[in-house]
Amino acid sequence: MSRLRTAALVGNPNAGKSALFNALTGARQKIANYPGVTVERKAGRMILPSGEPVELVDLPGAYSFDPSSPDEEVTRKVVHGEFAGEATPEVLIVVLDAANLEQHLVFAQEVIALGRPTVVALNMIDLAERDGLVLDPAALSEALGVPVVPTVAVRRRGLEELTAAIASAEERALVNEALHQPRRTLAERRFTAASIARGAILSESAQHRLHAGLDRVLLHPWFGPLILFGFLFVMFQAVFAWATPFADALESLAGMMADTINDTMGAGFLRDLITQGVIAGVGSVVVFLPQIVILFAFILAMEASGYMARAAFLMDRMMQGVGLSGRSFIPLLSSFACAIPGIMATRSIADPKDRLTTILIAPLMTCSARLPVYAVIIAAFIPHTTVGPKGFEVIGLQGLVLFGLYVAGIIGAMGAALVLRRTVTKGGASGFIMELPRYQMPLLKDLAIGLWQRAWIFLRRAGTIIFTVTVALWVLLSFPRAAPGESQVEASIAGQLSKGLAVVVEPIGFNREIALALIPAMAAREVAVSSLATTYAVDAPDEDAAAQGLATQLSSKWSLPTALAFLAWFVFAPQCLSTIAVTRRETNGWKWPLFMLAYLFALAYVFAGLTFWIATALGL
Ligand SMILES: Nc1nc2c(ncn2[C@@H]2O[C@H](COP(=O)(O)OP(=O)(O)OP(=O)(O)O)[C@@H](O)[C@H]2O)c(=O)[nH]1
Ligand SMILES: [Mg+2]
């Protein structure tokens, strides 16, 4: 009995390989796992026009032959004939998504360069046409040097032509020299993919042209990052510039509430609890709601418009530079909202060391809980002026400092990744290509829903964890009562408890009130703000002094070097128990969360200290 001829379907994930496989083999399928791995092996029989049967294998999707997941490893080994017990496929069927031709051609070039009998199925032609794109299979075939058959797998279009091409597929000399250069880099393959894809376009609609043009500018190697940088810059300017009237209104509302309560309630325990703990404490965090909403308006608009995926694409190169794959970008990006969903999103990273590194640096991304901390210090110490070249002083200094703090977090994370990847989580970077979604005008209704959800999460935190911790701190600050003339905070339980910590943080410029705020702020970073506000309210000599906004109090009580050191501390400090808990869960043990705590606190201490000493030396 002669051995059955074999063929395999290869291509990027979601090209339609399985759909084609089902269409070509019908019910003649066998599904099992590849020996030794849990990757599914799907094989079946297709019949050639001559009646001869061929064994067809449906391979897992891959972006390249440099495997970065077990799936890709299987694909590489089977295609190269290195998988024990699996015959080397005689014909390779490359499946391309016609609507994403440029991206899919990057891997296709690697397959074609093998020089084996190859057929290209230009699948999803229907979707390309819907997008207003008409392709020329003949031109594509000429550029690639292999037969190209347009197909619509789900409607069984083009199947006969495809089987005929498989039957006559043969070894061939490579026509396109460029494709055959050994070891071409990813960048080179991307470049070739772009030019081949452009050459295969017969006609495109105005909309498609517009989108392609947008990509050419926004993904340009130089302009792309510049535009991204500019966009983020404007975003942080807006966080300060637009929020001010709303934040002022909220602040005066809190002031009015405190006044009303002071006027109507008799002096006593309950009145102090409400004015010092709830209104001064929790209220000092709630006033940052406008800033949070503005920040998320930008982030949600980036996501909904399709620009976010482009930003990830631009960042890919930088990530590889520090030994991370671009797959880390989305988890790191979610960490700008909160490190917890970010760390959970690392599950999509196949390489365990890659994943661990991403988990360890996720808390360095500036989460939204830091925004109130940064904002209150900036409002107190950074003048509300504009700077810029002479005659063009249009850049808000406060927004600029905020932008700088976010950048400091990113640089810290990249530096940490660089060091970790050479020491505790040694390993190399893997390439990455992601599907770029279509550009879209964001729908106002979707944005509004997303913003409402974000605002609600923030307010719920204020009403639960921040409220509880601040009230508990207020109780510890209020008892035992101080003797007349003595400082209430000094005499209180909390004041006594924080004495030890105050000694430790004194060298980096932190005062007693900061030392007091650091421990409760472990529950949530915003608590640092409410703790300071409550502490100053408890210690205030009278109601008028207590009713001053926190920023006013800080600017009269702290030196500038102390304020800057406090900011530097919060760029690094792992002040969030939930992040530690989720790290323990995701890494199955205490080793990595403890490591994370240790290295982040060490960085926080060193950088706060450096900031304090340099600022002091400069005479600030
Ligand atoms: N409109 C349209 N949809 C298609 C076509 N081919 C496949 N699809 C759909 O595209 C999606 C992905 O197809 P799959 O066959 O699962 O893709 P795959 O290449 O096997 O993906 P992986 O197994 O993840 O690598 C499915 O929802 C299919 O129904 C096509 O020609 N036209
Ligand atoms: Mg599949």
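Residues numbered from 1 in each chain as written. Chains lettered and ligands numbered in written order. Predicted model: local features only at pLDDT ≥ 70, side-chain atom pairs only at ≥ 80, totals over all residues. Heavy atoms only, no water.

The name given to the protein chain in an unreviewed UniProt entry is Ferrous iron transport protein B, with the source organism recorded as Tsuneonella deserti.

Draft legend 1. Representation of a nonpolar patch on the surface in the model. Residues F269, L270, V475, L476, F479, I493 and L497 make up a contiguous nonpolar surface patch of roughly 610 Å² in combined accessible area. Listing elements by their share of the nonpolar patch, those giving two or more residues are α12 (269-286), α20 (444-478) and α22 (493-497). By the secondary structure assignment, F269 is in helix α12. (Patch = residues over 30% accessible without salt bridge, like charges linked within 9 Å, V, L, I, M, F, W, Y side chains within 5 Å. Areas by Shrake-Rupley, 256 points an atom, 1.4 Å probe, with all protein chains shown as cover. Salt bridge = Lys/Arg side-chain N within 4 Å of Asp/Glu carboxyl O. Helix = DSSP H or I, 4+ residues; strand = E, 2+ residues; numbered from the N terminus.)

Draft legend 2. Inspection of the packing of aromatic side chains at higher detail. By the definition in use, this model includes 22 aromatic pairs. Between F269 and F479, the ring centres sit 6.0 Å apart and the planes meet at 35°, which makes this aromatic pair tilted. In this pair, F269 is assigned in helix α12 and F479 in the loop between α20 and α21 (488-491), connecting sequence segments 210 residues apart. Exposure remark for F269: the relative accessible area of 48% places this residue in the partly exposed category. The structure contains a cluster of three or more aromatic residues connected by ring pairs, namely F381, F510, W558, F566, W569, F570 and F601. The ring of Y439 has R310 lying over it, and the distance from NZ or CZ to the ring centre is 3.9 Å. For the cation-ring pair, R584 lies above W590, with the distance from its terminal atom to the ring centre recorded as 5.7 Å. (Phe/Tyr/Trp six-rings, centres within 6.5 Å; stacked < 30°, edge-to-face > 60°. Buried < 20%, exposed > 50% of the residue type's maximum accessible area, 1.4 Å probe, protein only. Lys NZ or Arg CZ within 6 Å of the ring centre and 35° of its normal.)

Draft legend 3. View of helix α27 (residues 550-557). Residues of α27 that are buried include every one of L550, Q553 and L554, and no others. Axial view of α27: buried residues confined to an arc of 95°, hence all on one face. For α27, the elements touching its buried residues are α18 (370-381), α25 (527-539) and α26 (543-547). (Arc of directions from axis to C-beta. Contact = heavy atoms within 4.5 Å.)

Draft legend 4. Quick peek at the UniProt feature "transmembrane region" (unreviewed entry) in the protein chain. Per the UniProt record, "transmembrane region" (unreviewed entry) is found at residues 222-243, 278-302, 356-382, 394-420, 458-477, 563-582 and 594-615. Summarising residues 394-420: 89% helix, 7% strand, and an end-to-end C-alpha distance of 40 Å. (UniProt positions renumbered as here; feature names shortened; annotations may be inferred.)

Draft legend 5. Structural context of the site of ligand 1. Residues in close proximity to ligand 1 total 16 residues, the closest being N14, K17, S18, A19 and D126. In this structure, an oxygen atom belonging to ligand 1 sits 3.2 Å away from a main-chain N or O atom of G61. Relative to its free-state accessible area of 650 Å², ligand 1 is covered by the protein chains to the extent of 68%. When residues of the shell around ligand 1 are traced back to their parent elements, those giving at least two are α1 (17-25) and α4 (125-130). The biggest single contributor to the shell around ligand 1 is α1, with 3 residues. Its residues placed into classes, the shell around ligand 1 shows 8 nonpolar, 6 polar and 2 charged. (Near = heavy atom within 4 Å. Polar contact = N/O pair within 3.5 Å; in protein donor to acceptor, adjacent residues only side chain to side chain. Nonpolar A, V, L, I, M, F, W, Y, C, P; charged D, E, K, R; others polar.)

Draft legend 6. Focus on the layout of surface pockets. Estimated volume of the largest pocket: approximately 1500 Å³. Contributing to the lining of the largest pocket are 44 residues, with E102, A194, D215, L219 and L436 lying nearest its centre. Of all the elements in the fold, those that place two or more residues in the lining of the largest pocket are α3 (101-112), α4, β7 (133-135), α8 (186-199), β9 (201-204), α9 (206-218) and α14 (307-321). A per-element tally of the lining of the largest pocket places α8 first, with 9 residues. Taken together, the residues of the lining of the largest pocket sort by class into 23 nonpolar, 8 polar and 13 charged. Taken as a whole, the second largest pocket encloses approximately 1100 Å³ of empty space. Along the walls of the second largest pocket sit 50 residues, with A546, A547, Q548, G549 and L550 positioned nearest its centre. The element that contributes the greatest number of residues to the lining of the second largest pocket is α12, accounting for 9 residues. (1 Å grid on protein atoms, 1.4 Å probe; cavity = no way out; pocket = protein on both sides within 12 Å on 5 of 7 lines; lining within 4 Å. Points joined across faces, edges and corners; volume = space filled by probe spheres on them.)

Draft legend 7. Quick peek at the sheet that holds strand β8 (residues 148-150). Overall, mixed pairing links the 7 strands, which are arranged β2-β3-β4-β1-β5-β6-β8 in an open sheet. Two strands lie at the open edges of the sheet, namely β2 (29-33) and β8, each paired on one side alone. Going across the sheet, the axis of each strand differs from the next one's by a mean of 25°, ignoring polarity. Alignment of strand β3 (residues 40-47) against strand β4 (residues 53-58), held across 6 bridges, turns out to be antiparallel. Pairing of I47 across the sheet is with P53, part of β4. In this fold helix α5 (residues 137-144) packs onto β6 (118-123) and β8, with an angle of close to 155° to the strand it touches most, β8. (Pairing = 2+ DSSP bridges. Axes fitted to C-alpha atoms, helices over the stretch in contact; angles between N-to-C directions.)

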